[in-house]
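Inside the fold
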Amino acid sequence: MANGIAAMEALADVIIANKEKLTELDAAIGDADHGINMTRGFEAVRVKLSAAEQMEDIGGVLKLVGMTLISTVGGASGPLYGTAFIRAAAVAQGKTVIDSDIVAQMFKAAIGGIKDRGKAVRGEKTMLDALEPAYEAFTQAMVRGESLTDCLTLATAAAASGVEYTKTIIATKGRASYLGERSIGHQDPGATSSYLMLATLTAFAIEQEV
Amino acid sequence: MKKVINNAEHVVEEMLQGLVLAHPQYVKRVAGFDVLVRANSPVQGKVGLVSGGGSGHEPSHGGYVGRGMLDGAVAGAVFTSPTPDQIYEAVKAVDGGKGVLLVIKNYTGDIMNFEMAAEMAEADGVKVAKVVVNDDVAVENSTWTTGRRGIAGTVFVHKIAGAKAEQGANLVEVQKTAEKVIANVRSMGMALSPCTVPAAGKPSFTLADNEVEIGMGIHGEPGTHRESIRTADETAEHLLNKILGDSELNTGDEVAVMVNGLGGTPLMELYVVNRKIAAMLAEKNIVIAKTYVGNYMTSLEMAGFSITVLKLDSELKELLLAPADTPAFVQF
């Protein structure tokens, strides 16, 4: 099985395993469907991946994932994650191996896609509160000359802090914004799923290195 | 969870099949998609109207596909916006050469998915316009929120913009009329009991025996506050005052009223509410041109109701009272 495919299968596994947790987080401040929708999307992704097992082009794999998420997830997560994967795919197009520099570019493109589509900025209790600090941690570590896996590990830690940070702020985007101050104390489901994906990709990269 | 279903994952598909079987004279399915369009689609030389959203709000929106209202309705998963590819198919199926208006309820996901679909259709050369319905006064409209939610007032947009399109108006005119409805319609609801999304298997929130949620959204989103249940008159008065406080209504103005059940409320109770609304508006010398009482924009089996008030001018009144013939809305 090609590497990109294996990484995406690991992503699908972690999202599906966290279906109930993500849905419960969403029930507290949204409409209780984040885990359900993401699971529906990643189950469809699994089917698509199994039909493309030998696809070596990482860009091709990411595009397949993005298109599948857009057409199966619905809600806000579908367009947001779908756009993120498709933007990252454009960076990785034609590549079968990626280094820190490419990962940083993919990361940046994905975040740009989420911002364009969601018209959100950091600090609004969204997935950006996990992803932007993670990207910053990644690039800072990269500038210091750390390895790809170390950069990813630091990015994941920053994303985890970002998820914790979402508990302290008021939601101003998405359904949780209707709650105003009542959204404080709850962690954002989108930030949580972003963290889970990043942590999974990090673990995958570490496994590959060993 | 106790529901009349076969399989939580097949609810939307099986509902659509049943709906088409019940109303073949009105609607047909776009093969392979969760899209219902008029049986005679596309209607040539008429602006097409497409709406949609998560399922679970029946008869919204598939029940409003027919002459005088929608041309197409897209059904997402329960309480989840439909995806862009589905909406795109609906737009293509109803375009009769004069363009298509998308009627979107103001939710982050709905807006993103409909915008992506509009971009896809425009790339194909179809003229597409959009309106976003945001009638729920429970949620404050400020820079700190996504803005007001779209709830039962959406049905008035379907009715009036649909009538405008039926008269042969062009896309810009239909869009302007829809925007006029949106500028003049206000709603607010409350819930007595929660609902259960089939795929979730349990209620998304809980209320104590004597507790209600004021300002509840149609997906079980929390409202403004919880309180102990009061009489129908007191509750109706609270909601209507919030609506009127946000409206610019003067003595002698004409309105349309909708008392909408959320799925689990007896019509008996909706009429009790309507009695109070009619009395309050009469006291303020506001003239009710037309009243609708029933289940128009539901939230699965949620018990509760919403009140919608639409301020009318001569154009909106004429279009509201025009005929419509759809599975869930028939008017002569």
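The subject of this paragraph is the packing of helix α7 (residues 128–143) of chain A against helix α9 (residues 189–209) of chain A. Residues and elements named next belong to chain A. As a packed pair, α7 and α9 sit with axes 7 Å apart at the nearest point and diverge in direction by 40 degrees. Taken together, the axes of α7 and α9 lie oblique to each other. Residues D129, A130, L131 and A134 of α7 pack against A191, S194, Y195 and L198 of α9. Of the residues assigned to the contact of α7 with α9, the class counts are 6 nonpolar, 1 polar and 1 charged.

As a further point, take the domain arrangement of chain B. By a widely used convention, the size of an interface equals the accessible area lost when the partners come together. All names here are of chain B. For chain B, the assigned domains read domain 1 (8–184) and domain 2 (185–313). Taking only C-alpha atoms into account, the centre of domain 1 sits 23 Å from that of domain 2. Counting residues at the interface gives 25 residues for domain 1, matched by 29 residues for domain 2. Sorting the residues of the side of domain 1 that touches domain 2 by element identifies α4 (153–166) and α5 (171–184) as the ones contributing at least two each. In terms of residue count, α4 provides more of the side of domain 1 that touches domain 2 than any other element does, 4 residues in total. The residue makeup of the side of domain 1 that touches domain 2, split by class, is 13 nonpolar, 7 polar and 5 charged.

This part takes up the sheet that holds strand β9 (residues 225–228) of chain B. Residues and elements named next belong to chain B. The strand order across the open sheet built from 6 strands is β9-β8-β7-β12-β10-β11, with neighbouring strands paired in mixed fashion. Only two strands of the sheet have a single partner each, and these edge strands are β9 and β11 (287–294). With strand direction ignored, the average angle separating the axes of adjacent strands in the sheet is 20 degrees. One ladder, built from 8 bridges, connects strand β10 (residues 254–261) with strand β12 (residues 303–312); its direction is antiparallel. The residue bridging N260 from the neighbouring strand is S306, located in β12. The sheet strands contacting helix α7 (residues 267–283) are β10, β11 and β12, and the helix crosses β11 at an angle near 165 degrees.

Definitions and cut-offs
Residues numbered from 1 in each chain as written. Chains lettered and ligands numbered in written order. Predicted model: local features only at pLDDT ≥ 70, side-chain atom pairs only at ≥ 80, totals over all residues. Axes fitted to C-alpha atoms, helices over the stretch in contact; angles between N-to-C directions. Helix = DSSP H or I, 4+ residues; strand = E, 2+ residues; numbered from the N terminus. Parallel < 35°, antiparallel > 145°, perpendicular 65-115°, else oblique. Contact = placed C-beta atoms within 7 Å. Nonpolar A, V, L, I, M, F, W, Y, C, P; charged D, E, K, R; others polar. Domains from an automatic or database assignment. Pairing = 2+ DSSP bridges.

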